[in-house]
Amino acid sequence: MRLITRGDADGLACAVFITITEKIESVKFAHPKDMQDGEIDVTAGDIICNLPFHPDCYMWFDHHISEEDRDDAVKTGDFKGKFGMAPSAARLVYEYYDDPQLKRYEEFLIAVDKLDSAQLDIDDVTNPKDWMLLLLSLDPRSSLGDFEYYFFELIDWIKKYDLQTIIKKPEAAVRCEYVLSETEKLKKALKNHTKLDENVIIIDFREIKTIPMGNRFLEYTLFPEGNISLRIFFGKGGLKVICAAGHNIFKRDSKTNIGKLFAKYGGGGHPGAGTCQLDINTADEQIVEIINQMKSDG
Ligand SMILES: [Mn+2]
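Residues numbered from 1 in each chain as written. Predicted model: local features only at pLDDT ≥ 70, side-chain atom pairs only at ≥ 80, totals over all residues.

Draft legend 1. The overall build of the protein, seen in detail. If you tally the helices and strands in the protein, you get 13 helices and 11 strands. Taken over C-alpha atoms, the radius of gyration comes to 20 Å for the protein, in line with the 19 Å a tight globule of 298 residues would show. Summarising its shape, the C-alpha atoms of the protein cover approximately 55 × 45 × 35 Å along the three principal directions. In the protein, which comprises 298 residues, the proportion classed as buried is 35%. Considering only contacts in the protein between residues 6 or more positions apart, those separated by 24 or more positions represent 57%. (Helix = DSSP H or I, 4+ residues; strand = E, 2+ residues; numbered from the N terminus. Rg over C-alpha atoms; globule rule 2.2 N^0.38 Å. Buried ≥ 20, exposed ≤ 12 C-beta atoms within 10 Å, placed from the backbone. Contact = placed C-beta atoms within 7 Å.)

Draft legend 2. Summary view of the sheet that holds strand 8 (residues 228-234). Taken together, six strands build an open sheet; the order of strands is 6-7-8-9-11-10 and the sheet is mixed. Both edges of this open sheet fall to strand 6 (194-197) and strand 10 (268-269), since each of them pairs with a single strand only. Inspection of the sheet shows strand 9 (residues 240-247) paired to strand 11 (residues 273-279) by seven bridges, in the antiparallel sense. Bridge assignment links Val241 to a residue of strand 11, and that residue is Leu278. Sitting on the sheet, helix 13 (residues 283-297) is in contact with strand 6, strand 7 (200-204), strand 8, strand 9 and strand 11, with an inclination near 170° to strand 8. (Pairing = 2+ DSSP bridges. Axes fitted to C-alpha atoms, helices over the stretch in contact; angles between N-to-C directions.)

Draft legend 3. Just the packing of helix 1 (residues 9-21) against helix 8 (residues 147-160), in detail. Following both chains from N to C, one finds helix 1 and helix 8 inclined at 55°, their axes separated by 10 Å at the closest point. One way to sum up the angle between helix 1 and helix 8 is to call them oblique. By crossing handedness, the relation of helix 1 to helix 8 is classed as right-handed. Note on element contacts: helix 8 touches helix 1 through Phe151, Leu154, Ile155, Ile158 and Lys159, opposite Leu12, Ala15, Val16, Thr19 and Ile20. Split into classes, the residues belonging to the contact of helix 1 with helix 8 amount to eight nonpolar, one polar and one charged. (Parallel < 35°, antiparallel > 145°, perpendicular 65-115°, else oblique. Left-handed = near helix turned anticlockwise from the far one by under 90°. Nonpolar A, V, L, I, M, F, W, Y, C, P; charged D, E, K, R; others polar.)

Now the structure itself:
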């Protein structure tokens, strides 16, 4: 059997669990968009986790509610596996098998749930430790060696060793160290390039060359009065201006539906987060419109 999953913390946990409960010969990464567009060849020997449904698969586990209306089999529950509201797809896998062998991963799974559903504590963002730090070390934006290779090593290590042993492995240690140092760099960059306009945290990273990796929720710990953030930066080659917005996860009272707002500008997302790409020539005016909307929504 083959597992098809997403290369993130939730996908990692799915891979750890499914390789214990099923006979898996290989693991393949896929992007949600490629799955939706039918770019991935799926057969009856495939288990899909944390990715959109495919009618030809053997089993499917997902918690992305937007999947609900995409396929009749999902609506009627005519598939093997589990779909529904959950903080992570891994949580659904864990519940589905209810296997005593998985019980020892409870703490790991709690961290995955928190990260995948953005239910983080301030400390998880400003000073991540233990499982949270290890999960954050799995970041494809990091330039520290091969991401896929590290992902496969983690699947293996998590099954073999305890957390303290894993965190001391050189590949993990260097990546954890990197997470912490990038967090410090991002703090500085945010302090220098952010202004608070009423409820909107406006971060203009068009002014800097390299944006530190850091945690995308860090701005909310530095500007706790704002309930929504707008990050502005140049796209590849400086040809487009990218806007990425999100609700403050520690002050959840913004009324802006970001996905809907950004759809007007050719972008999209969820109510709580989204992105859009603006033309260089019209970006400044459009950014003012976006900010005004976020302010009037409150
Ligand atoms: Mn997920």
